[in-house]
Each structure stands twice: as C-alpha cells, then as structure tokens.
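Tertiary structure, described
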Amino acid sequence: MNILIFTKGTRQTGMGHVQRQLVLAGELAKRGHHVDFLTYSDTPGLKRIGDWIGTSGHDIELIAVLNDDDVARYVNHCPYHIIIMDIEHGPKRRLLEAAMRYDHKTVVIDGVGFAIEDQKAIDDLVDLQVYQSVGLNTEAVTSYGRTKFPSNQLIGLEYVIIDQSYLDYRNGKLPFIDNTGTLISMGGADPHGMSVEIAQTINAIPRYKPVKVVLGPATATSHLGHRNQWLGDSQVIIAPNILAPLMASSIVLITALGMTVYEALCVGIPVVCTAWSEDHEATALKLEALGAITYLGQWDKIDWSKLVTFLNAMQNEYTRQMIGNIGMRLVDGLGVKRVADAIEA
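Residues numbered from 1 in each chain as written. Predicted model: local features only at pLDDT ≥ 70, side-chain atom pairs only at ≥ 80, totals over all residues. Heavy atoms only, no water.

**Let's talk about the packing of helix H8 (residues 194-203) against helix H14 (residues 304-313)**
Remark: H8 packs on H14, axes separated minimally by 12 Å, with the N-to-C direction vectors making an angle of 50°. Taken together, the axis directions place H8 and H14 in an arrangement best described as oblique. Here H8 and H14 pass one another in a crossing that is right-handed. Contacts from Glu197, Ile198, Thr201 and Ile202 in H8 reach Trp304, Leu307 and Leu311 in H14. Within the contact of H8 with H14, the residues separate by chemical class into five nonpolar, one polar and one charged. (Axes fitted to C-alpha atoms, helices over the stretch in contact; angles between N-to-C directions. Helix = DSSP H or I, 4+ residues; strand = E, 2+ residues; numbered from the N terminus. Parallel < 35°, antiparallel > 145°, perpendicular 65-115°, else oblique. Left-handed = near helix turned anticlockwise from the far one by under 90°. Contact = heavy atoms within 4.5 Å. Nonpolar A, V, L, I, M, F, W, Y, C, P; charged D, E, K, R; others polar.)

Laid out in structure tokens, this is it:
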C-alpha cells in the first residue's frame, strides 16, 4: 500500500512526533509498503526527516509545504491508500475532511501530551486512533458529550512507538557500558532553556557526575553558541539520532515529559521529569502514580529539593533496579509492531 505520513517538529512542539513516525515508517517500509512524508518547510523536523531518509535505504519522498492550507490541498488531491497524521493537538476537522476525498484510510496518532483540540472531528472522521499514553485527556472526550470509547480507538503504553535500539539495550543485545553519571535531555527543543539551570545544579554535586547534556535538534541556536559558558565541564551532545546509548551509559535521566520518558522506561533507566504545560503535567502525574517516574512540577515551578532527594536515592543500585523494572513492565518496546498491525488490519 501507498502510505503518507503527515507530521511536524518545531521549536514549540519538539521532535517527539517526528521521531516516532520515523520509527513507524521504517517498520511499514520493512513490511513492503511505500511510505512518503509530508511536513512543513523551514523546520527542524524537515531536516530530521530528510537526514533519516538519506540513510534509511528506502525509496521515500519528502514533501515540504508552507502552511496548513497547503497541507489540506495536498491531502485533498493525493491518491494514497492510508494517511497517517501525528501533530500536536491532533488534526482539525478541515484537514480530516480534505483527506476523505479519495476515500483514504485515515489514522491519527498522538501521545496525549498536548490535549486533543477537536476530539469529535476525530471520532467522526478517522478510521483508526492510536493514543500512546496512560490515558486520553478527560476534557477532550467529555466536551461534546461522548459517553463511550469508539471501537477504533487504541489507548495505552503498549502502543508506544520507539526505536529498536532501546529494546536491544533492554534485552541485553547491546551492552550497558560505563553505567555512571547523570543524563540531561530536555526534549528536542528545550523551549525554556532548562538544560542550563539543571546542569549547573548537578555539576555542583560531585557524586552526580559525570553530567551528560543532550541538546536536541530543535534547541534554540542561541543555546549552542554559549554552551561552554553555562554547562561547565558537562559533556555536551548535540542532536544525536538516538538516545539509547547515552541512557545505557547513565544511571538516571532528567528530562521533560515526552517520547524521551517512554524510551527511558523501556530501557529501564530511572526518570525524573518536568512538564511544559498543564496537559503534559496531567500525564506526568499519572505516570508518577504508577511509580514509573518522579515528577518535579511544571518547568517554572520545579521542586529542586525533590530532584536532589531523587538523585540521592538513585545512588543505590537496588533502588534503581526496582524503579527501572516498573518502567520496563509498562513499556515493552513492541508498540511499533502493534501499531503497524492495526494500520494493516
């Protein structure tokens, strides 16, 4: 089948949507489907997708458009069998109606970090909904009086789409090497520059070192220019394709709610995280209630004493193993195969 994936990665929304769609595209291409990408021009996501296509070995076209009107026009005239949409807040009704012209099978994928903006349109017009989260935003599903979940909706951490490398570390196919220190990765964009303050705090406490700081592909370029000044003796890694090796060489991860949290849960590395918004906070609190993560509060209200307490506790190997086991039970790393199966059904 011919499949189009529409997604985007910006400095406002990060790169989680793009990253999981690259993984899904690889799985679908391996199964013999032809996959193309549609995204916005002049965005970090465009570059990330282009770089991946160049090394993927698959015949994939990358279509870049300027705005929402261009997206609607393109999906209204493209004869794909399946259109997959993965964007923050979900697609709007106008776009979904445009996708119906050629009787496409329409699939919406989301991580429910951002609240769904028009759940009714998605319920009315989409063939398959996949929400890789501990639950769907309550306000989104009650705002128009929905009383039950539609049969075409899949919700749960078993549908988390992550790269095979995380599963390989988890299963011992790839070794954990020099498993020490603290990994800081504030998502693909770090919109509030939190890497700075966190790195400075951690570097002041020797037992938390070495400190490894990841600057994602959508991080503001002003951060890059001054990294030596504010990161001290931290090891700085800029825009790695995969975080799995860095997780496997660290004992804890400090991050913001997003795909990185789920990747770490699969590997089994303890996670402490903040959130960029109330939507993200709701999901973080659910994960904390399950014992999977420690939540520090929203980015502008971080509980620094809770961070220090967490880091002190994680110096104990047995404690780390217990926390890591909870995460591995929740995210088994097989979500991409389940989602691909559902798309093919």
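Read on for the rest.
**Description of helix H2 (residues 44-56)**
With 13 residues, H2 should reach 18 Å at 1.5 Å per residue; the first-to-last C-alpha distance of 18 Å fits that figure. For H2, the set of buried residues is Pro44, Gly45, Arg48, Ile49, Trp52 and Ile53. Looking down the long axis of H2, one finds its buried residues gathered within 165° of arc, a one-sided arrangement. Opposite its buried face, H2 presents the exposed residues Lys47 and Gly54, each directed more than 90 degrees away. Looking at the buried residues of H2, the elements they touch are strand S1 (2-7), helix H1 (16-30), strand S2 (34-40) and strand S3 (62-65). Gly57 sits one or two positions beyond H2 and adopts a positive phi of about 80°. (Expected span 1.5 Å × (residues − 1). Buried < 20%, exposed > 50% of the residue type's maximum accessible area, 1.4 Å probe, protein only. Arc of directions from axis to C-beta.)

**Quick notes on the side chain of Gln19**
By the element assignment, Gln19 lies in helix H1. Judged by relative accessible area, Gln19 falls into the buried class, the value being 16%. A polar side-chain atom of Gln19 sits 3.2 Å from a polar atom in the side chain of Arg48. For Gln19, the residues in contact, after removing those within four places along its chain, are Arg48, Asn241, Ile242 and Glu263. (Polar contact = N/O pair within 3.5 Å; in protein donor to acceptor, adjacent residues only side chain to side chain.)

**A short note on the pairing of S2**
Of all seven residues making up S2, six are buried, and the element is well covered by its neighbours. Here five bridges tie S1 to S2, and the two strands are oriented parallel to one another. Note that in S2 the partner of Phe6 across the bridge is Leu38. For the handedness criterion, the β-α-β arrangement of S1, H1 and S2 is classed as right-handed. (Pairing = 2+ DSSP bridges. Right-handed = clockwise from strand over helix to strand, strands pointing away.)

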